[in-house]
Amino acid sequence: MTGNLPAAMRCCTATFQRWAVLSGGNRAVSRASGSSLACFSWKHINIDTDSNQSTFRTYSTQLAYFGKERAVAIEAVECASRVCQAVFKRLVTEETLTKKDKSPVTVADFGAQAVVNLILEKHFPDDPVVGEEDSKDLQGEEGRVLREKVVDLVNTVTEQPLSSDEILRLIDRGQYAGGPKGSHWTLDPIDGTKGFLRGEQFAVCLALIVDGKVRVGVLGCPNLPYELDKPDGERGVLMVAVEGQGAFQRRLHGGGRADEVPIHASKVADTKDATFCESVEAAHTSHGDSANIAKLLNITRPSVRMDSQCKYAAVARGDADIYLRLPQKAAYEEKIWDHAAGNIIIHESGGRVTDVNGKPLDFSIGRTLSANKGVIAANANIFDTVIDAVQTTLAGKF
Ligand SMILES: Nc1ncnc2c1ncn2[C@@H]1O[C@H](COP(=O)(O)O)[C@@H](OP(=O)(O)O)[C@H]1O
Ligand SMILES: [Mg+2]
Ligand SMILES: [Mg+2]
Ligand SMILES: [Mg+2]
């Protein structure tokens, strides 16, 4: 959380203390909870689906059920989360942190994208993927060291060893251009790369887009406390939503579908009682504009800063009431993989999401949300009031 503040300074009020645990990380906890790849193999993946029924993707009818997609997406996210946690445990050290060495997150990013794409290809071979990463940095002699680390990592979780060419091919299954027609997945293998390196919040994010709209979304949040009110309790949350079927949370590596509970955005009706969250990174959102918006809304609580789509998770289960992502540069186009899963999870939890101008996020254009600027999410009771304050503060800048 709050960047370089020492831990003791982060916890100046009781509320903030509660939040410090949620938004910040605890290296000891996240290390202890990391699972060993050695005891994990994706051959053990048991698709927990009640739908051997085929999935109906033609969206002109309302019969789409997405049972198999939901189950496969969960398994892929769980598997990739384990890969990321294992990398954190093994490769993130005091030394890499001091040297600001980003190689551990790079290895985890590529490894997680390969693993998710392997699982998606197995179950949905015809579905293209819009993934954040590509294999460029792993190619040739220049990419050899990194490539070998990624290949070793991926092969610890596959049934049969895969060649490096095969792993690069899997990573590059993520190069689809997206667009308005048909089905495709969108994947952020690690969202919140900086949070990952700090041992704080990050998320593995996977969503299915059909005919330009997000229909299924899964967020794996390995460092998110299962219950906000039990800060010393277990961490590791998986959130899932299917269009029209509600949003749910369960333990990330836990009891499967039987463990799922519905989640709901908060009911706070007066913004003075609201808590808002935003990115840690000042380059990703304007902290100055958000402070001005908070003032207009009579919000007195300090903002909760955390990395990744865990901010959507926080609003979806009512831990926070508002998420503000306010453009720093008019030219920046948000990426669909940074928002797709969070978007449907908010909608299905009863919350609302638009851009700073109150326009729904348009996932039908391609790899970016080029028709939108920034993102605002909030519970439905206060959403319009929040958008009014955003508009007043930004005064048509975007
Ligand atoms: N100038 C910018 N404005 C907004 N988002 C940006 C940005 N530059 C990078 N990002 C995105 O912000 C994401 C992290 O968001 P957050 O700040 O909410 O944690 C990054 O995802 P990755 O970490 O997957 O690269 C990256 O895609
Ligand atoms: Mg991202
Ligand atoms: Mg990423
Ligand atoms: Mg990135």
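Owing to the predicted nature of the structure, the values given are computational and were not obtained by experimental measurement.

**Student:** Before we go on, may I ask you to explain the nonpolar core in this structure?
**Tutor:** Generally speaking, a soluble globular protein has its nonpolar side chains buried in company with each other. Within the largest apolar cluster, 54 residues are counted, with the highest numbers of intra-cluster contacts made by C84, V150, I167, W185, F196 and L206. F196 has contacts with C84, V87, F88, V92, P104, V105, A108, I190, Q201 and F202, leaving out every residue within four places of it along the chain. Core analysis: the second largest hydrophobic core is formed by 39 residues, M239, A241, A316 and Y323 among them.

**Student:** How should I be thinking about the pattern of salt bridges in this particular structure?
**Tutor:** Close approach of charged atoms allows side chains of opposite charge to pair. The tally for this structure, following the rule as stated, stands at 24 salt bridges. One salt bridge in this structure joins E78 and R250, with 3.9 Å as the shortest N-O distance. One end of the pair, E78, is in helix α4 (residues 67-91); the other, R250, is in strand β6 (residues 247-251), and 172 residues separate them in sequence. Taken as a pair, E78 and R250 share a single burial class, namely buried. Note that R251 and D259 form a salt bridge whose closest N and O atoms lie 2.5 Å from each other. The exposure class assigned to R251 is partly exposed, which follows from its relative accessible area of 26%. A residue is classified by how much of its surface remains accessible, and D259, at 14% relative accessible area, is buried. Among the ionic contacts, a cluster of salt bridges with common partners joins K194, R198, E200, E281 and D307.

**Student:** Please clarify how the sheet that holds β6 should be interpreted in this entry.
**Tutor:** Sheets are built from strands that pair by backbone hydrogen bonding, the pairs being arranged parallel or antiparallel. The strand order across the open sheet formed by 7 strands is β1-β2-β3-β4-β5-β6-β7, and the pairing between neighbours is mixed. The open sheet terminates on both sides in strands that have one partner only, identified here as β1 (129-131) and β7 (261-262). Inspection of the sheet shows β6 paired to β7 by 2 bridges, in the antiparallel sense. When the bridges of β7 are listed, F248 appears paired with P262. The sheet contacts of α4 involve β2 (183-191), β3 (203-210), β4 (213-225), β5 (235-242) and β6, and relative to β4 the element is tilted by about 30 degrees. Against the sheet, helix α6 (residues 103-123) touches β1, β2 and β3, its axis set at about 155 degrees to β2.

**Student:** Would you take a moment to explain the packing of aromatic side chains for this structure?
**Tutor:** Each aromatic ring pair is summarised here by two numbers: the centre-to-centre distance and the angle between the ring planes. Counting across every chain of the model gives 4 aromatic pairs. Note on Y312 and Y323: the rings are 4.9 Å apart at their centroids and 80 degrees apart in plane angle, and the pair reads as edge-to-face. With Y312 in helix α11 (residues 310-316) and Y323 in strand β10 (residues 322-325), this pair connects stretches of sequence that are 11 residues apart. On the basis of relative accessible area, Y312 is assigned to the buried category, the value being 0%. An aromatic cluster is built from F88, F196 and F202, whose rings are joined through pairwise contacts. We note K68 situated over the ring of F124; from NZ or CZ to the ring centre the distance is 4.9 Å.

**Student:** Even after reading the chapter, I still don't get the side chain of N372, so can you show me in this structure?
**Tutor:** Structurally, N372 is set in the loop between β11 (351-354) and β12 (375-379). Separated by 3.2 Å, the side chains of N372 and D355 make a polar contact. Within the structure, N372 has its side chain in polar contact with the backbone oxygen of P360 (distance 3.0 Å). In contact with N372, not counting residues within four places along its chain, are D355, K359, P360, L361 and D362.

**Student:** Even after reading the chapter, I still don't get the coordination of the magnesium ion (ligand 3), so can you show me in this structure?
**Tutor:** Put simply, a metal with four donors set out as a tetrahedron has ideal angles of 109.5 degrees, and one with six donors set out as an octahedron has ideal angles of 90 or 180 degrees. The protein atoms donating to the magnesium ion (ligand 3) are E132 (OE), D188 (OD) and I190 (O), with metal-donor distances spanning 2.0 to 2.2 Å. Along the chain, the residues that donate to the magnesium ion (ligand 3) are spaced as E-x55-D-x1-I. Here the magnesium ion (ligand 3) and the magnesium ion (ligand 2) are spaced 3.6 Å apart, and both take D188 as a donor. Here D188 and I190 have matching classes, each one buried.

**Student:** I would appreciate a short explanation of the site of ligand 1 in the present structure.
**Tutor:** Surveying the vicinity of ligand 1 reveals 16 residues, the closest of which are H284, S308, K311, R325 and D338. Side-chain polar atom of D188 to an oxygen atom of ligand 1: 3.1 Å apart, as the coordinates give it. Between an oxygen atom of ligand 1 and a main-chain N or O atom of T193, the distance comes to 3.0 Å. Protein chains bury 84% of the 580 Å² of accessible surface belonging to ligand 1 in isolation. Among the elements that line the shell around ligand 1, the one with the most residues is β2, at 3 residues. Of the residues assigned to the shell around ligand 1, the class counts are 3 nonpolar, 5 polar and 8 charged.

**Student:** Help me understand unusual backbone geometry, please; the structure alone is not making it clear to me.
**Tutor:** Across residues other than glycine, the phi torsion is negative in most instances, and most of the peptide bonds are trans. At K100, a position not held by glycine, the phi torsion is positive, near 50 degrees. Inspection of the secondary structure assignment puts K100 in the loop between α5 (94-98) and α6. When its relative accessible area of 70% is taken as the criterion, K100 is described as exposed. At A395, a position not held by glycine, the phi torsion is positive, near 45 degrees. Mapping A395 onto the fold places it in the segment after α13 (383-394).

**Student:** Got a minute to help me understand α4 in this structure?
**Tutor:** Residues three or four positions apart in an α-helix share a direction because the helix packs 3.6 residues into each turn. Taking 1.5 Å of rise per residue, 25 residues should cover 36 Å, and α4 covers 36 Å from first to last C-alpha, within 8% of that figure. Among the 25 residues in α4, 20 count as buried, and that is most of the element.

**Student:** I would appreciate a short explanation of the sheet that holds β12 in the present structure.
**Tutor:** Read from one edge to the other, the open sheet built from 5 strands follows the order β9-β8-β10-β12-β11, with strand pairing classed as mixed. Here the strands that pair on one side only, and so sit at the sheet edges, are β9 (304-305) and β11. The pairing of β10 with β12 spans 4 bridges and is classified as antiparallel. In the sheet register, I322 faces β12, and the bridge partner there is A378. Running at roughly 170 degrees to strand β8 (residues 276-278), helix α10 (residues 287-296) makes contact with β8, β9 and β10 of the sheet. Sitting on the sheet, helix α12 (residues 340-348) is in contact with β11 and β12, with an inclination near 140 degrees to β11.

About the criteria used
Residues numbered from 1 in each chain as written. Chains lettered and ligands numbered in written order. Predicted model: local features only at pLDDT ≥ 70, side-chain atom pairs only at ≥ 80, totals over all residues. Heavy atoms only, no water. Core = buried A, V, L, I, M, F, W, Y, C linked by side-chain atoms within 4.5 Å. Buried < 20%, exposed > 50% of the residue type's maximum accessible area, 1.4 Å probe, protein only. Contact = heavy atoms within 4.5 Å. Salt bridge = Lys/Arg side-chain N within 4 Å of Asp/Glu carboxyl O. Helix = DSSP H or I, 4+ residues; strand = E, 2+ residues; numbered from the N terminus. Pairing = 2+ DSSP bridges. Axes fitted to C-alpha atoms, helices over the stretch in contact; angles between N-to-C directions. Phe/Tyr/Trp six-rings, centres within 6.5 Å; stacked < 30°, edge-to-face > 60°. Lys NZ or Arg CZ within 6 Å of the ring centre and 35° of its normal. Polar contact = N/O pair within 3.5 Å; in protein donor to acceptor, adjacent residues only side chain to side chain. Donors = N, O, S within 2.8 Å, 3.2 Å for Na, K, Ca; no water. Near = heavy atom within 4 Å. Areas by Shrake-Rupley, 256 points an atom, 1.4 Å probe, with all protein chains shown as cover. Nonpolar A, V, L, I, M, F, W, Y, C, P; charged D, E, K, R; others polar. Expected span 1.5 Å × (residues − 1).

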